Amino acid sequence: MANKTKYLERSIPKISLASFDFRIAEVTAQLVEAAEKHGFFTIVDHGIPITAIQKMFSLSASFFNLSDDVKATVPFSTRNAGWEKNSQVRPSTGMPDRKESYQMQFGSNMNGLWLPDDALPGFRETSLQFMRAVQEVSERLMVCFARGLGFPDNYFVDFHDISRPDSQTVLRLLRYFRVDSNKEISDGYYRAGAHVDWDLLTLLFQKEGQSGLEICPGREASTDFGIGDKWTKIEPKEGEIVCNIGDLLMSWSDDRFKTRLSTFTTFHHPNPSIHINTNPPNSLLRRPSRRAFAHYTQRVLPNIEKNATSQSYLTLHETCPTRNDLEEGYPHLLVAGKVPENPGFMIWYLLYPFRGTTEPPILDQRHPLRNCFTQYGNRAGRHPVITLLISVATAVIFIYPFPFLYTNNFANGASNLPHHVWTSAQPFKGDGTSRADVAMRSIWVHGSYMKALEPNVLQTALRIQDDILGSTLNFDPRRPSNQIELDTDSTDLTVDMRNNLHAINGPSNSSWFFHSPLQYWSCSSEEIKNDADIISTVNRGSQLSTSVNVTLRHSIVFSGKRYEDYRLVAADALVITLIHRLDSPVGKQWERRAEALADKPYSGWRLYPANGRSLGSTLYEFQFQPLSFQDDLFLGVAYALTTLYFLASLSKLRALKSRVGLTLAVLTQFMVTIMSSFTICAIFKIDLSKIPREVYPLVVLTVGLENIFRLINGVIMTPSANPTSSRMAEAVGQTGHIALAGVTQNLAILWFLSKVVSPDVAAFCSFAAIALTLDFFYLFTFFVAVLSVDVRRTELSDSLSRASARKPEYIPKKASRNTFTDALLRGEIPVSTRIAGTIVMVVFIVIAQWHFFGNESVYQTIIRITRLKRPVRPSADSAALLSVDVNQARSPTSWLRLQDHETAHELIQIIKPEAHSYIARVYDPLVFVVDGSDRTPTQFGIRPLLPAAYDFAKHQSGPFVLVVLLLVAGVSLLMNYLLWDETTEDENNDRRNDEPLLSIKTLSRGHTLDVILLVSSPDGVLVSVGLDRRIRVWDIRPDGHSYVVEDLDSNINPYPVLTIAIDDDSNWLAILSSKGQVILWNIPERRWGPVMPVESKGRSPAAFFFGRDKTELIDPVVMVGHNGMLTELNMEANMARNIQVCKTPLTCVRPYAEKVTQSHIEPPLRIITTSKRGCVHVATQFDTGWISEDLKISCSDEDDTEVISISPLPVLGSFLAVRQHSVDLVDMRTHNITHTFKTKPMKPHTLQCFHSTRRRPQCGSVGLGSLTLAYTDLETGECILQNYLPRQDGDTICFRDPNTPGSKTCCLWRETVQETFTVQNPGEWEALQVGYVIGIRKVQNSPDKINTTAHARASSFLSSGLRRRGGTERSLAPARQTDNIIDAWEVWSMSSWGELSVTSLCDREDVTQGHLLVSQLGPLAKVGKSSVALGLGNVVKVVSVGHERFDAADGTGYGGQGTLGGMATRKKKADKKKSH
């Protein structure tokens, strides 16, 4: 076998654990990808020194070099510890591995199994030290896998606690024996046979240069042990640890992570390796080979460990935890429970005294508000792509401008992005007697309106600046070490004295500094005069710094700025600002000289106030506060609780297709909402830079998650039988008004808070209001569309089987008037999900207010917020009062609030370097207006919106529109590509509670006489045979055509036809002629194929269908006679093989064809038969031929022992053995009865079965969501549907042995709930795979009375079965009789949950266009998953439930569940010919 191994080079994922704590998200993503795609990987940078690994290998060698007698003192035991040699037998080889191993653990399982120190000193201590080091690495990996699966970080770690006495973490030392290189090695010689590890995780250490490990990824293995598959050799490298996924983690992840096969091939040197197995208590693992260290992680039952170890390591393929294990913490994927049905909002709590309940109101379906939401949900559900495109277009419109509207350089007219600090410039709210740190004085110089950058204005400002401060030409206040003595008696300071006091020369009580726009020209009149482009100079100088490193940003040196093309083009005022200590002589000089300027008789300007004195001053507090530890703690807790709520709610949602997809959709919605809100705030000049950026997503998350999960839960609670549009309509109708009320409530709260908080916090309130509004919009556009697609795809994957729906409509109960306290004590009120978002929003706004008013007491804050005390306002602002005359574009107060966080930071570093804020006494500015200036406002003033928004509209409109159109078109194409084959719902159906859609298609003009045979294929090809000796092929797929089977150039004549069959690929039609021939017809090429003689004796066989042969182009034709003889006709080779299946005449023959899977690539074809004697035989097709065996199916009821018929269930690996009063579910492999269903007396051969999509429960058995038996009552003739469901929604019906343990979500057959539905006068019916039964019956009592003569004529036609043209009959009967003929037949359908629909089978065209009139039905045949074809006189009608896609059914062939190749014949007499 070794020589036959195929090899393939595969990339081995290599993952670094360096800087693990900082890279945990990145490492998690890499591990999850490796686990999903490969099942194995190597890790590096794990932190275990190479010297420690080498030391362990040396210790391992010392151990194995001991004599066997010494090692035998610690023999292997059932505790999964100790030494063994040549004793592990692999199922893949049936032979012991050529190796020896020694396994060690941490806990009490090692009692008596540690090697004594005198045999090998230091062995135990060194081994335990190494095991602990590897355990740390293992726990890192477990944390990542837990995150990747959505579990808490320590989820796996807690189950593998090595401190527990019964811990099963295993260190395994192995040595593979040397092979003589001079001897030939047989193919069957393996160091370790192919196997998989069935622990959670294995860490393997290998010595470089000693190869032998080979792997085959589990997703690529097509056989149990990789025989014939391609393997990859793993070359060991020093320092690398090879890790692989075990079966337990594969099961834990519901097959998301895949294990891999491994083996150790023959090599000619001894090969050491070390394995570390990390296992939870009472567990056993299937281990890899070589002397290696490996780490396994798993949890199984104690009896499994005992049985496995006592059987020399024979592989255990399935382990199932008990319910107690699950309750104690055994990890499981399906979590019981559901999201609260109607989580409310604070508004319902506030209205409790009036309403008597805290539950949101349940609006009547006729309520206008609910009706609006319902209609919208219906349209959004039917047009998810359009709804999604609306949200995408809106998102692009808001997000595309984002980078153009925000900046970090504060000089281009864009808005400022928030940082990680609190920034503010607010009136001081502390004690009014508090001493300021500095004083701030300013001069505002105006020219004409918005023309402060004119040269004459600059020159005037320079004269004013020099008159007040002294000469500032080429201002450089730096002084040498020899300081100039200050003359305190001097009235005016000299320039040197002034400069000596500048802050650049060291802080003192007299320090001062200033900033002025004139510093762009070094305060030089000559430079201003010679500057030909003042605007360019101003824009270039926006990043210049003063001598104290204060950046001369436009925001601090200009007021009333206008930006165009991302540059300053105009300003209304030049702002010269002096900042000085309170005792600084510079400040006193400012006051004196300002008054002196006012006294000058002519100066060239007007001064406000006229006396040159500031009329007042206000204490302002300027803050630059980084996030504190308390801030980080609060935000961390808030985000952690939000994440926990999201994960907990997500874990309870069972009905979604993809939780990962849901998570991505939620994150996408929140990201788009936040970015869109930032864009809107920027456009309307709402400054968000004052509050740290970390807090902005919080409000959207806490409030938005409530709405999202409420909507999801609303969809889940709707009947899954309904169309997607109906489900979305009902869910949106039930939850829309609650979401709207919540948004309205929060907007009202935000409006109120914005009126009582500081302007900076009010800006956050504005952001929150915009964000909540947009979140509401995106919820009902983007998320509704995504959810609609998810529901639609889930329905398709389940083939319309509605297993979880108990009733056709969900009707919520009326809220009772319970007290809030009682409900809370009973745990009925999930407070955290009801008002969490509103509480977090309000609490944060209060906290933000405290940040900006830290000197304010709690009492003051509460009083002010409750509007009992108005916020402290600045004193009378003379400049503001005078602005009526001056018409300032921006007032001094608003100018102060525009100061950005970077300026605040720079000033704090000068004034109080170790602090995060300072208090300044801000004096009202002195306003100078140049003589001759026109202060009349013009259109070139400050624009209402953000300047960058105008620039964006001017320069980016073309690309913007193009990007929007391209993205919308791209998303449209992508969605149409992804959903091109999805179910399309009826566009004209506006009802919310639609009945299942029954559509009828008439195939006319195919025959002139009755149709007597019908056969179909799963992909929509139908063949009919009529009494007119015509065989017609119908392709009922879209754009399909029909034709008559004939070849004028051939002399083949198949008539009379006994039966026909069609293969699943719709390539060949087999015709059994009464002349004793089987004739093939090629359907696509329209030609005759091979012909073979057979013995038919002019009688139709019990079964006639195509078999399966991969070596032939044409599958063989299988014919089973009523005498029990099976004949297989190989048409290409003209060979026939016969086998006697049963010696007793047969009563039922059913083919049993399992679906081809990766693990079962060539399932054999089987045929199950029953005979008149009641025996059951199974004929199985092998390469050598057919073999028949007699099945002994026991029966506990002595009065009901005879098996009448069989119904195969190949998808479930079972079949139904039908008796007269019961039905046995029989396992095909073991032939054991899984369960017995009790029924009413059944009409023979009428039982049919359909079920939901097969599931895989945690116990590893076969599982279902529901199963339905349909049969005709022998006594009443009624059609009975017995539907079996798990007791709890979301649980799985489990096929396992009731005596073996299962998972918490498993429901045994004896625990299922049975629902029974009845259809009277069913007529002829068929059960479909999509969960419906379709029947055609004749209306017994017509309400109309017709003319007796005409009625007699019609009766003579119908009772005699006479075939007459509709035109002839129309001449004999009045028009009213035609209506009665149309109403004579009707189609009914019933779902597995008991929903009945009825519609007329015929229409007026059936009477007026030459269709024959009939009194009984022709043959019926299933077509695809949801259609039935029937012969009605000389026409064929196809009745479908929903939209039939003809996608080859379920892949099992032979028409699905137990039909004979879709073959049906005309029933001549209902009491003589049995229904199959």
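Residues numbered from 1 in each chain as written. Predicted model: local features only at pLDDT ≥ 70, side-chain atom pairs only at ≥ 80, totals over all residues. Heavy atoms only, no water.

**A few points about the overall build of the chain**
We apply this condition: Segments assigned H or I by DSSP are reported as helices when at least four residues long, segments assigned E as strands when at least two residues long, and all are numbered from the N terminus. Buried, partly exposed and exposed residues are distinguished by accessible area as a fraction of the type maximum, computed with a 1.4 Å probe on protein chains only: under 20%, between the cut-offs, and over 50%, respectively. By definition, residues are in contact when any of their heavy atoms lie within 4.5 Å. For accessible areas, the Shrake-Rupley method is used with a probe of radius 1.4 Å. Any residue's cover is judged against the shown protein chains and nothing else.
Scanning the chain from terminus to terminus reveals 36 helices and 61 strands. Taken over 1476 residues, the chain has a buried fraction of 57%. Here the contacts in the chain between residues at least 6 apart in sequence split such that 71% fall between residues at least 24 apart. In the structure as shown, the chain presents an accessible area of about 61200 Å², 53% of it carried by carbon and sulfur atoms.

**Observations regarding unusual backbone geometry**
In this structure, the amide linkage connecting Y608 to the following residue, P609, adopts the cis form with an omega of -10°. Looking at where P609 falls in the secondary structure, it is placed in the loop between β22 (605–608) and β23 (617–626). Of note, Y566 is a non-glycine position whose phi angle comes to about 60°, a positive value. Looking at the element boundaries, Y566 is found in the loop between β20 (558–564) and β21 (567–580). On the basis of relative accessibility, which here comes to 26%, the residue Y566 falls in the partly exposed class.

**Let's talk about the packing of aromatic side chains**
The line we're drawing: To pair, rings of Phe, Tyr and Trp, with the six-membered ring standing in for Trp, must have centres within 6.5 Å; the planes then decide the type, stacked if under 30 degrees apart, edge-to-face if over 60, and tilted in the middle. Definition used: whenever NZ (Lys) or CZ (Arg) falls within 6 Å of the ring centre and also within 35 degrees of the ring normal, the charge is taken to sit over that ring.
Counted under the stated rule, the structure contains 42 aromatic pairs. The interplanar angle of 10° and the centroid separation of 4.2 Å between the aromatic rings of F151 and Y155 together place this pair among those described as stacked. With respect to class, F151 is no different from Y155; both count as buried. For the ring pair F952 and F960, a centre distance of 5.5 Å and an interplane angle of 75° mean the geometry is edge-to-face. One aromatic cluster in this structure is built from F402, Y406, F678, Y696, F764 and F767. Directly above the ring of Y1043 sits R1086, whose terminal nitrogen or CZ lies 3.9 Å from the centroid.

**Some points on helix α14 (residues 455–469)**
Keep this limit in mind: Each helix should span, by expectation, one fewer than its residue count multiplied by 1.5 Å.
Under the 1.5 Å per step criterion, the end-to-end length of α14 is 21 Å for 15 residues, consistent within 8% with the ideal 21 Å. Those residues of α14 that sit buried are V457, L458, T460, A461, L462, I464, Q465, I468 and L469. A positive backbone phi angle near 95° is found at G470, which sits one or two residues after α14.

**What about the packing of α14 against helix α19 (residues 585–599)?**
To be explicit about the condition: For every element, the axis is a line fit to its C-alpha atoms; helices are fit only across the contacting stretch, and the angle between N-to-C directions ranges from 0 to 180 degrees. Orientation categories follow fixed angle ranges, with anything under 35 degrees roughly parallel, anything over 145 roughly antiparallel, 65 to 115 roughly perpendicular, and all other angles oblique. Three categories are distinguished: nonpolar for Ala, Val, Leu, Ile, Met, Phe, Trp, Tyr, Cys and Pro, charged for Asp, Glu, Lys and Arg, and polar for the others, with Gly belonging to the last.
It is at 8 Å that the axes of α14 and α19 come closest, and there the two elements cross at 125°. The orientation of α14 with respect to α19, classified from their angle, is oblique. Where α14 abuts α19, its residues I464, D466, D467, I468 and L469 lie against V586, Q589, W590, R593, A594 and L597. In the contact of α14 with α19, the residues fall into seven nonpolar, one polar and three charged.

**Concerning helix α12 (residues 384–399)**
Between its first and last C-alpha atoms α12 spans 22 Å; for 16 residues at 1.5 Å apiece the expected length is 22 Å, and the two agree. Considered for burial, the residues of α12 that qualify are P384, V385, T387, L388, L389, S391, V392, A393, T394, A395 and V396.

**Things to note about the confidence of the model for the chain**
Inclusion rule: pLDDT measures how confident the predictor is about each residue, on a scale from 0 to 100.
Within the chain, residue pLDDT values average 76, and 73% of them lie at 70 or more. Contacts from residues 1342–1379, a stretch scored under 50 in pLDDT, to residues over four places away or in other chains number 45 contacts. Confidence over residues 1449–1462 falls short of pLDDT 50; this stretch has 54 contacts with residues more than four positions distant or in other chains.

**Notes on the sheet that holds strand β50 (residues 1279–1285)**
Worth spelling out the cut-off: A pair of strands is labelled paired if DSSP reports no fewer than 2 bridges between them.
If you walk across this open sheet you meet the four strands as β47-β49-β50-β53, and the pairing is antiparallel. In the strand order of this sheet, the two ends are held by β47 (1248–1251) and β53 (1313–1319), each with one partner. Across the sheet, the mean angle separating the axes of adjacent strands is 20° when strand polarity is ignored. The pairing of β47 with strand β49 (residues 1267–1272) spans four bridges and is classified as antiparallel.

**Let's talk about the pattern of salt bridges**
To be explicit about the condition: Any Lys or Arg side-chain nitrogen located within 4 Å of an Asp or Glu carboxyl oxygen qualifies as a salt bridge.
A complete count under the given rule lists 28 salt bridges for this structure. As a salt-bridge pair, R23 and E26 come within 3.2 Å of each other at their nearest N and O atoms. Remark: E26 and R23 occur in helix α1 (residues 20–37); sequence separation between them is three residues, near one turn of the helix. Of the residues examined, R23 reaches a relative accessible area of 18% and is grouped as buried.

**Here we look at the environment of L662**
Along the chain, L662 turns up in helix α21 (residues 659–683). Residue class for L662 comes out buried when judged on its relative accessible area of 7%. As for L662 and L787, which are separated by 125 residues in sequence, their C-alpha atoms are 8.2 Å apart.

**Concerning the sheet that holds strand β37 (residues 1125–1130)**
Taken together, the four strands give an open sheet; going across it, the order is β35-β36-β37-β38, and neighbouring strands pair in antiparallel fashion. The sheet is open, and its two borders are formed by β35 (1103–1106) and β38 (1135–1140), each paired with just one other strand. The mean inter-strand angle of the sheet, taken between neighbouring strand axes irrespective of direction, is 15°. With four bridges joining them, β35 and strand β36 (residues 1117–1120) adopt antiparallel strand pairing. Note that in β36 the partner of F1106 across the bridge is V1117.

**Some thoughts on the nonpolar core**
Which entries qualify depends on this criterion: In this text, buried Ala, Val, Leu, Ile, Met, Phe, Trp, Tyr and Cys residues form a nonpolar core when linked through side-chain atoms within 4.5 Å.
One finds F764, F767, F783 and I845 to be the most contacted residues of the largest nonpolar core, which totals 87 residues. Residue contributions to this core peak at 22 residues, all from helix α24 (residues 759–797). If we skip the residues at most four places from it in the chain, F767 touches I674, S677, F678, C681, L688 and Y696. Listed in part, the 63 residues of the second largest apolar core include V457, A461, W512 and C523.

**Some details on the pairing of strand β56 (residues 1385–1391)**
The element β56 is largely enclosed, with a buried count of seven among its seven residues. Every second residue of β56 is oriented toward a common face, with W1385, V1387, S1389 and S1391 on one face and E1386, W1388 and M1390 on the other, all of them buried. Two strands pair when backbone bridges link them, and strand β55 (residues 1332–1338) and β56 are joined in this way by seven bridges, in the antiparallel orientation. Among the inter-strand pairings, G1335 is bridged to a residue of β56, identified as W1388. In terms of strand pairing, β56 meets strand β57 (residues 1396–1400) through five bridges, oriented antiparallel. Bridge assignment links V1387 to a residue of β57, and that residue is T1399. Here β56 folds back onto β57 in antiparallel fashion, the turn holding four residues, of which G1394 has a positive phi close to 90°.

**A few points about the pairing of strand β27 (residues 1011–1016)**
Of all six residues in β27, six are buried, a share of seventy percent or more. Direction of pairing for β27 relative to strand β28 (residues 1021–1026): antiparallel, over a ladder of five bridges. What sits directly across from L1014, in β28, is S1024.

**Describing the packing of helix α11 (residues 368–382) against helix α23 (residues 724–756)**
As a reminder, the rule being used: Working rule for handedness: look at the near helix, and if it is turned counterclockwise from the far one by less than a right angle, call the crossing left-handed; if clockwise, right-handed.
Where α11 meets α23, the axes come as close as 7 Å, and the angle between the chain directions of the two elements is 140°. Comparing the axis directions of α11 and α23 gives the class oblique. Between α11 and α23 lies a crossing whose hand is right-handed. Residue-level contacts link L369, R370, F373, T374, Y376, G377, N378, G381 and R382 of α11 to T724, S725, S726, M728, A729, E730, V732, G733, Q734, G736, H737 and L740 of α23. Classifying every residue of the contact of α11 with α23 gives seven nonpolar, eleven polar and three charged.

**Regarding a nonpolar patch on the surface**
As a reminder, the rule being used: To count toward a patch, a residue needs a relative accessible area over 30% and no salt bridge; like charges are then connected within 9 Å, while nonpolar side chains (Val, Leu, Ile, Met, Phe, Trp, Tyr) are connected within 5 Å.
A contiguous nonpolar surface patch, about 520 Å² in accessible area, is contributed by F629, L633, V637, L641 and L644. You can see L633 is positioned in helix α20 (residues 629–651).

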